[in-house]
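Descriptive structure summary
Residues per chain, in single letters:
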Amino acid sequence: MTELSKTYYMLWSFVTSGLAIYFLLCMLIYLQSKQKSFLYYGLYNFFLLTYVFTKTPFHIDEIVKPLISSPFASYNWFSQVIYNSMLFMFYRAFLDMNVHFPRFDRLLHRFLIIQVSVASSLFAYTIVSNNHKVFDYYFLFVFIPIMSIFVIYALYISLKIPSKLGYFIVAGVIFYNFFAYYSLYDSHFHVSGSEPLNFFYIGIILESIVFILGLGYKVKLIYAEKINAQKRIIEEQNENQLLRENHQKELEKELEEKVSELKLALQKSEDEKLKSLTLTFENEITLLKLESLRNQMNPHFIFNALN
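Reference entry: report on the structure contained in this document.

Before going further, it helps to spend a moment on helix α2 (residues 36-53). Because an α-helix completes one turn every 3.6 residues, residues spaced three or four positions apart along the sequence face the same direction. Taking 1.5 Å as the rise per residue, α2 with 18 residues should run 26 Å; its terminal C-alpha atoms sit 25 Å apart, in good agreement. Counting buried positions over the 18 residues of α2 gives 13, a clear majority of the element.

Attention shifts here to the packing of aromatic side chains. The description of an aromatic ring pair uses the distance of the two centres, along with the angle that the planes make with each other. Taken as a whole and judged by the stated rule, the model has 34 aromatic pairs. Plain terms: the ring middles of Tyr91 and Phe211 are 5.9 Å apart, the flat faces sit at 70° to each other, and that makes the pair edge-to-face. In this pair, Tyr91 sits in helix α4 (residues 75-95) while Phe211 sits in helix α9 (residues 196-306), placing the two residues 120 residues apart along the sequence. The residues Tyr91 and Phe211 share a single accessibility class, namely buried. With 5.8 Å between their ring centres and 90° between their planes, Phe135 and Tyr138 make a pair best called edge-to-face. Taken together, the positions of Phe135 and Tyr138, both in helix α7 (residues 133-158) and three residues apart, correspond to about one turn of that helix. Per residue, the accessibility class of Phe135 equals that of Tyr138, and both read buried. The ring of Tyr30 has Lys34 lying over it, and the distance from NZ or CZ to the ring centre is 5.7 Å.

Applying the stated criterion across every chain yields a total of three salt bridges. The residue Lys218 makes a salt bridge to Asp96 at a minimum N-O spacing of 3.7 Å. Placement of the pair is Lys218 in helix α9 and Asp96 in the loop between α4 and α5 (97-100), with a sequence separation of 122 residues. Assessed through its relative accessible area of 7%, Lys218 is described here as buried. The exposure class of Asp96 is partly exposed, given its relative accessible area of 31%.

The backbone of Lys34 shows a phi angle near 60°, a positive value even though the residue is not glycine. As for its placement among the helices and strands, Lys34 is situated in the loop between α1 (3-33) and α2. On the basis of relative accessibility, which here comes to 54%, the residue Lys34 falls in the exposed class. Even without being glycine, Asn130 reaches a positive phi, approximately 60°. Position of Asn130 relative to the elements: it lies in the loop between α6 (102-129) and α7.

Criteria and cut-off values
Residues numbered from 1 in each chain as written. Predicted model: local features only at pLDDT ≥ 70, side-chain atom pairs only at ≥ 80, totals over all residues. Heavy atoms only, no water. Helix = DSSP H or I, 4+ residues; strand = E, 2+ residues; numbered from the N terminus. Expected span 1.5 Å × (residues − 1). Buried < 20%, exposed > 50% of the residue type's maximum accessible area, 1.4 Å probe, protein only. Phe/Tyr/Trp six-rings, centres within 6.5 Å; stacked < 30°, edge-to-face > 60°. Lys NZ or Arg CZ within 6 Å of the ring centre and 35° of its normal. Salt bridge = Lys/Arg side-chain N within 4 Å of Asp/Glu carboxyl O.

Here's what the structure looks like:
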């Protein structure tokens, strides 16, 4: 085993184990937090892991060579389309593009759906026809140029994101794409004299470090936002409680005033009723007195008249 192959063995083993750990970790965090950033980044790591697994330096005769000569040989390109699409889905969720750049977000989403659909159809075609050149041309002359345009524009708008999240995307994209494109270039022209995939693995390692730090920073922002939201809710509850207490005091004061007014009204009504009854009784007594006098005067009047 040469020194060069030792480096490849080491990088491949490190990258595959790291991708598997990242995939499981992101899925667990997604199940707990429901943050789509972790879902897409986990899927990106999964499909990237399947691609890297086809480059294994172990059991080449049992795994790599049969795959290259099988109808599934185009999976080499198809997996790259899928994991790059998942990576862009991660960019969308990570940067909240639907909030900051809704038009570009819709355009990018449609593009990703179309390219995954086209790639899936071509992959199915290559399986049936065993004609893998079609996918090779699609990947090199359609997918890569268009994806490069979106990468450049994504870098441009990432710097316009209000938070610092865009810097993580810029750093990760630059690391990943630089080493990925150089690996692709070296695989065709063999300018470095080393294994081309070594550069690709280095790009994956650097990109993974940056994005994991970025995800940790976003979790911190989300946690801080939740704390601030809880504080605002508590403050609003305290304000509402204070308003309710003040309102209750005003109601109690108004109730006391109403009770006092009602008591005064009842007292006045009772006084007026008592006065009315007193006048009625006095009138009746007066009438009785007059009636008694009248009865006393009638016999005297008659007697005097007869005299």
